[in-house]
Amino acid sequence: MSPVITDVRLTPILIADAPLLNVGGVHQPYTPRLIVEIETDSGACGLGETYGDRVYLDRAADLAPQLIGMPIAAVNAIRMLGANTTGEALIDNPIAGGLRGTLTTDKVRLSVISAFESAALDAHGRELGLPVHALLGGKVRDRVDYSGYLFYKWADHPFPDAPTDDWGEVIDPDGVVRLAEKFAAHGGFRSFKLKGGVFPPEEEVAAIEALAKAFPDHPLRLDPNGGWSLSNATTVAEQLSGVVEYLEDPTARREDMAEVHRRTGMPLATNMIVTSIEEVRPAFDLDAVQIVLSDHHFWGGLFATRDLAAVCHAYGKGVSMHSNTHLGISLAAMTHVAATVPELTYACDTHYPWQPEDVIAEPIVFEGGAVTVPDAPGLGIQLDTDALERLHHRWKALPQWHNRDDIAGMRLVDPAYQPPTSPKY
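On a predicted model such as this, the values are computed, not experimentally measured, just so you know.

Chemist: Is there a simple way to explain the packing of aromatic side chains in this structure?
Modeler: Each aromatic ring pair is characterised by the separation of its centres together with the angle its planes make. What the rule picks out here adds up to 15 aromatic pairs. In this structure an aromatic cluster arises from ring pairing among Tyr146, Tyr149, Phe151, Trp167, Phe183, Phe189, Tyr352, Trp354 and Phe366. For Lys317, the ring lying beneath its charged end belongs to Phe284, and the centroid distance is 5.4 Å.

Chemist: Could you clarify how one ought to interpret the side chain of Ser191 in this entry?
Modeler: Residue position: Ser191 is located in the loop between α5 (173-187) and β9 (192-195). Residue Ser191 is classed as buried on the basis of its relative accessible area of 6%. A polar contact is formed between the side chain of Ser191 and the side chain of Ser147, at a distance of 3.2 Å. When residues no more than four places from it in sequence are discounted, the contact partners of Ser191 are Tyr146, Ser147, Gly148, His218, Pro219 and Ala347.

Chemist: Can you help me understand the packing of helix α7 (residues 230-239) against helix α8 (residues 254-264) in this one?
Modeler: Each packed pair of helices is defined by two parameters, the angle between the axes and the distance between the axes. In contact at an axis separation of 10 Å, α7 and α8 are set at 35° when each is read in the N-to-C sense. Handedness of the α7/α8 crossing: right-handed. The segment α7 lies against α8, with Leu230, Ala233, Thr234, Ala237 and Glu238 engaging Asp256, Glu259, Val260, Arg263 and Thr264. For the contact of α7 with α8, the class distribution of residues is four nonpolar, two polar and four charged.

Chemist: What's the story with the pairing of strand β5 (residues 45-51) in this structure? I'm lost.
Modeler: The element β5 is extensively covered by neighbouring structure, given that six of its seven residues are classed as buried. By the bridge criterion, seven bridges tie strand β4 (residues 30-40) to β5 in an arrangement that is antiparallel. By the bridge assignment for β5, Glu37 is matched with Leu47. Counting the residues in the hairpin turn of β4 and β5 gives four residues, including Gly43, whose phi is positive at 95°.

Conventions and cut-offs
- Residues numbered from 1 in each chain as written.
- Predicted model: local features only at pLDDT ≥ 70, side-chain atom pairs only at ≥ 80, totals over all residues.
- Heavy atoms only, no water.
- Phe/Tyr/Trp six-rings, centres within 6.5 Å; stacked < 30°, edge-to-face > 60°.
- Lys NZ or Arg CZ within 6 Å of the ring centre and 35° of its normal.
- Helix = DSSP H or I, 4+ residues; strand = E, 2+ residues; numbered from the N terminus.
- Buried < 20%, exposed > 50% of the residue type's maximum accessible area, 1.4 Å probe, protein only.
- Polar contact = N/O pair within 3.5 Å; in protein donor to acceptor, adjacent residues only side chain to side chain.
- Contact = heavy atoms within 4.5 Å.
- Axes fitted to C-alpha atoms, helices over the stretch in contact; angles between N-to-C directions.
- Left-handed = near helix turned anticlockwise from the far one by under 90°.
- Nonpolar A, V, L, I, M, F, W, Y, C, P; charged D, E, K, R; others polar.
- Pairing = 2+ DSSP bridges.

Geometry only, nothing functional implied.
Below, the structure written as structure tokens:
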């Protein structure tokens, strides 16, 4: 008989974050994450990780007691916890939500469930002596490719006592190339993605062209998070035809995405207009997107990610994986599921090199821009309890950073700052 869950621990933490710029603001000095630990009556433990903003903590605290007494193998039942939640919009400005698309009550639930599912699979794998990818049906690759995730950024956060970083200022094409060189030295990344929507499109086109010159054999991508008008998106797509492998969310409306693709033939990817199963058919019917960037957090877990990949395959769409600010538990789960998806032919995104702190004992290493898929039981990682306690203590000491809010970060510099309510450029 399958062991049953006897305890669920929820630990919110704050991790240091660099002053990374995006279409609507800047990352704050600290980002909240939630670490989930599940224990069974057989002594197995499992780990999960997800967003740590207050709305996620509250939902996790509400659902966690329902896990007690459930068999560790009952993943389908775990996925259904709280499933009567409506899709009511909580945040309709994706900038405030960290560029994750419209935040709804059900997306919050799914993001919590993703951490519960990961922890259950981790514990079950440890119990059986099997890696998580084996519980998902088995790996089809031994290494998962990741893209070097480049950002425009300030040299430092604009107030005292903020964490510092070694990446330096990045505000022009030369800075972007220098940053890519550091990423190449850090993990041997063989492709690069630039977070755009910060400067006028022509400046970001120049940065991509500089990258193409410096790294001629590296696939490139540009993501302005819906910050361009249809006209500017079309112009950029024409200018970068044959230079980038795809543009990601060049406009905010699926109708405009479809028009950009129709006019230019540029492949378009998204993690903003297709973020739930209800959004798949409208976008696919319009041919608004050719590559979907899954995220096991807001899609509801690793099995849900595989389900999405199957839908994309049926429609003839490409699939890769999106990243938000995350640590090693998230990256390990992402690597396990990516290893099981045959159709995943684009390098995945990851913020992991940006995060100087982690709660796992041994940092995950990139070699040749890839992570070797672990074959150890469960996720193949171990929790650093001292680091967890230290980052939780910070969370308790700094309540002003309990919600991710790029707008608030920018207002530290410009109190009158207003985020764009329509395309920025």
